[in-house]
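For reference, the chains in residue letters:
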Amino acid sequence: MNFVTPEPHDPRDPLGLASDAPLLDGWLRFRAAVDAGTTMPFTIPGHKQRTHLVGDVVRGDVPLYAGLDTMKQDGGLLVKAEQRAAAAWGVDWCRLSVAGATHANQAAVLALGRPGQDVVITRTLHRSLLLGIVLAGLRPVWVRPELDAATGLPGAVPVAAVEAALAAHPGACGVVLGDPSYIGTRSNITAHAAAAHAAGVPLVVDAAWAAHFGFSPAVPSHALTLGADALITSAHKTLPAWSQAALLLARTRRSGGLLDPDRLERGFDATHTTSPAGAILASTDAARALLQHHGADLIGRLVELVRDARERLAAVQGLAVVTDRPDGHPAGPLHVDPAKLVVLLAGTGAHGHAVEADLLAAGIPLEMADRDVLVPMVTLSDDKPSVTRLVDTLVAAIEKHRGEPRKTAPATAWTVEPATATDPRSAFFARHETVCAATAVGRVSVELIAPYPPGVPVLAPGEVISAAALNALQATLADGGRIAYAADPTLATMQVIAS
């Protein structure tokens, strides 16, 4: 292909990362060639790099095949980028995904065991992991995080719970944890890895919210450093990458690990697109290079921004933020991502949905808002003016909606007690019928139903629909929350295994 070398100080690469990011370099060269008219593709995508039909919505979209590299991948750019990422996280295997941590989670689960085997897995899992279990035909053995009494949020998954689950299910094929959690709380990954390895099985960690871990002394080490066998992380959550950018990294048998690299490859390719978006891949490559070259400074600044925001918000009457509590604290220890901002509203009496509406009107959408909890995502791309605007607007909205203080009510996603009737795969493929919700109690769900965000299932395929679960979901809906993934998001009807 007739590529044009970009300018040495290309404004599209402001920090000069392309010299260490082969996919970013490929994207820059391809775009330069198109702009110069020396490349005129006769391949997909159908927009042909032209914006005259649908406008700028397709600008920047470059395919991997016959885009970043030749159709036959003669330059090996993807392999080089994945090798660099594996080295950055200190392991021997990596694949870059353009389908988010959802795809990477499912690929990891497909690599774990055989249909019918048990897998020890946290209940506060993302839906992608549960559907990965459906794809793989595994049987979940649930372990639950401790519920923090002071905040109503999930804390650490007890190591003793994982050890007990492994002892009770000696045929289990692995342990899968989500860490840090959606709201930034962390478990003892070193001890969990030791427990898994003592049982001869790998530990897989869904760290979708923690791509920044391990690249600065201001944040914790990443799970692979702490002994995990595989790590899934999103490049688009805290890092400046395109949506759907993610990585699956692993320490395989080739370097003393417990995971089969061939199974990982098959699991990854089985559910990945055959037309990967080159722009997403290039942005992941660039984000990895950014972490390695500038991560310490950028992450340190991010932690300072969050620390300052926490201090300002904690000074507001009745308002609380989630922070570390040391061992020996009267309320018990709590370990939290220092770059995660989680705001607790119960003491102010303000309703989270009303506060969220005011922020939306001010042009500030939040990652999550329910009655008692707000999660504004602060990332490497933020600066002092953006965070100051967030905090100022948030405080004003809270004061506007201030009411009688109340106790924090733990969200349904953190408190569900599942009653498993059959494995998720059997339920997913079972003959089903639709019944009114009032008669669904006691029946077995074929659906995955979750409040969103955070997308943590309250009901999973194969679980008995309890009155408590149904009432909690209906209360979430009545309170203005969104019910996701259900065939009927109004919850007037539910899908159950046919009688």
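Scroll up for the structure.
So, how was this worked out
Residues numbered from 1 in each chain as written. Predicted model: local features only at pLDDT ≥ 70, side-chain atom pairs only at ≥ 80, totals over all residues. Heavy atoms only, no water. Helix = DSSP H or I, 4+ residues; strand = E, 2+ residues; numbered from the N terminus. Rg over C-alpha atoms; globule rule 2.2 N^0.38 Å. Buried < 20%, exposed > 50% of the residue type's maximum accessible area, 1.4 Å probe, protein only. Contact = heavy atoms within 4.5 Å. Arc of directions from axis to C-beta. Pairing = 2+ DSSP bridges. Polar contact = N/O pair within 3.5 Å; in protein donor to acceptor, adjacent residues only side chain to side chain. Right-handed = clockwise from strand over helix to strand, strands pointing away. Phe/Tyr/Trp six-rings, centres within 6.5 Å; stacked < 30°, edge-to-face > 60°. Lys NZ or Arg CZ within 6 Å of the ring centre and 35° of its normal. Core = buried A, V, L, I, M, F, W, Y, C linked by side-chain atoms within 4.5 Å.

Novice: Explain the overall build of the protein residue by residue, including any values.
Specialist: Helix and strand counts for the protein stand at 13 helices and 15 strands. Expected size for 499 residues packed as a compact globule is a radius of gyration near 23 Å; at 23 Å, the protein falls within 12% of this value. Along the first, second and third principal axes, the C-alpha set of the protein runs to 65 × 55 × 50 Å. A buried classification covers 55% of the 499 residues belonging to the protein. Sequence separation of at least 24 residues holds for 70% of the intrachain contacts in the protein that already meet a minimum separation of 6.

Novice: Tell me what's going on with helix H7 (residues 261–270), and back it up with residues and numbers.
Specialist: Looking at H7, one finds that the buried residues are Pro261, Leu264, Gly267 and Phe268. For H7, the buried positions fall inside an angular range of 125 degrees around the axis, keeping them on one side. Exposed and facing more than 90 degrees away from the buried side of H7 are Arg266 and Ala270. Taken together, the buried residues of H7 touch strand S1 (93–97), helix H3 (100–110) and strand S7 (246–250).

Novice: Explain the sheet that holds strand S8 (residues 320–321) residue by residue, including any values.
Specialist: Strand order across the open sheet formed by four strands is S8-S9-S11-S10, with antiparallel pairing between neighbours. Edge positions in the sheet fall to S8 and strand S10 (368–369), since each of these pairs with one other strand and no more. In this sheet, strand S11 (residues 373–375) lies alongside strand S9 (residues 343–344) in antiparallel orientation, the contact comprising two bridges. For valine 343, the partnering residue across the bridge sits in S11 and is leucine 374.

Novice: Hey, could you go over the environment of histidine 272 for me, with residue numbers and the actual values?
Specialist: Relative to the helices and strands, histidine 272 is located in the loop between H7 and helix H8 (278–314). Owing to a relative accessible area of 13%, histidine 272 belongs among the buried residues under this scheme. At a separation of 3.1 Å, a polar atom in the side chain of histidine 272 contacts the main-chain amide nitrogen of valine 98.

Novice: Now, about unusual backbone geometry: what can you tell me, with residues and values included?
Specialist: Excluding glycine, a negative phi dihedral is what most residues carry, and trans is how most peptide bonds are arranged. Between aspartate 179 and the following residue, proline 180, the backbone shows a cis peptide bond with an omega angle of 0 degrees. Among the secondary structure elements, proline 180 is positioned in the loop between strand S4 (175–178) and helix H6 (189–198). Going from tyrosine 452 to proline 453, the amide bond is cis rather than trans, its omega being -10 degrees. Within the secondary structure, proline 453 sits in the loop between strand S13 (450–452) and helix H13 (467–478). A positive phi angle is found at lysine 48, which is not glycine, with a value near 55 degrees. Turning to its location among the elements, lysine 48 is positioned in the loop between helix H1 (22–36) and helix H2 (77–89).

Novice: Describe the pairing of strand S5 (residues 203–206), and please don't skip the residues or the numbers.
Specialist: Going residue by residue along S5, you find Leu203 and Val205 tucked away on one face and Val204 and Asp206 tucked away on the opposite face as well. Of the strand pairs in this sheet, S4 and S5 are connected by four bridges, and their pairing is parallel. Within S5, the position partnered with leucine 177 by the bridge is valine 205. For the segment spanning S4, H6 and S5, crossover handedness is right-handed.

Novice: An account of the packing of aromatic side chains is requested, with residue identities and associated values reported.
Specialist: Each pair of aromatic rings is reported with the distance of its centres and the angle of its planes. Tallying each qualifying case throughout the model produces four aromatic pairs. Ring geometry for phenylalanine 428 and phenylalanine 429: centres 5.0 Å apart, planes at 75 degrees, overall edge-to-face. Here phenylalanine 429 falls in the exposed class, since its relative accessible area comes to 56%. Ring geometry for tyrosine 452 and tyrosine 485: centres 6.3 Å apart, planes at 80 degrees, overall edge-to-face. One end of the pair, tyrosine 452, is in strand S13; the other, tyrosine 485, is in the loop between strand S14 (482–484) and strand S15 (493–497), with 33 residues separating them in the sequence. Lying across the ring of tryptophan 209, lysine 237 places its NZ or CZ 4.9 Å from the centre.

Novice: Now, about the nonpolar core: what can you tell me, with residues and values included?
Specialist: Of all hydrophobic cores here, the largest spans 95 residues; its most connected members are Leu23, Trp89, Leu96, Val175, Leu203, Leu313 and Val355. Broken down by element, the residue count for this core peaks at 17 residues, all from H8. Not counting the four nearest positions on each side in its chain, leucine 23 is found in contact with Leu64, Leu68, Leu77, Leu78, Ala81, Leu96, Leu281, Ala282 and Asp285. Residues Leu131, Val176, Leu264 and Ala460 belong to the second largest nonpolar core, which totals 49 residues.

Novice: Requested: an account of H6, with residues and values cited.
Specialist: Every buried residue of H6 is listed here: Ile189, His192, Ala193, Ala195 and Ala196. Looking straight down H6, one finds that the buried residues subtend no more than 160 degrees of arc, so they occupy a single side. Against the buried residues of H6 lie helix H5 (159–168), S4 and S5. With its phi angle positive at about 80 degrees, glycine 200 sits one or two positions after the end of H6.

Novice: Break down the environment of alanine 230 for me, citing the residues and quoting the values.
Specialist: Residue position: alanine 230 is located in strand S6 (residues 230–234). C-alpha of alanine 230 to C-alpha of proline 170: the two residues are 60 residues apart in sequence and 21 Å apart in space. Sequence-distant contacts of alanine 230, defined by excluding residues within four places in its chain, comprise Leu203, Val204, Val205, Leu224, Leu249, Ala250 and Leu259.

Any functional reading would require information that these geometric values do not contain.
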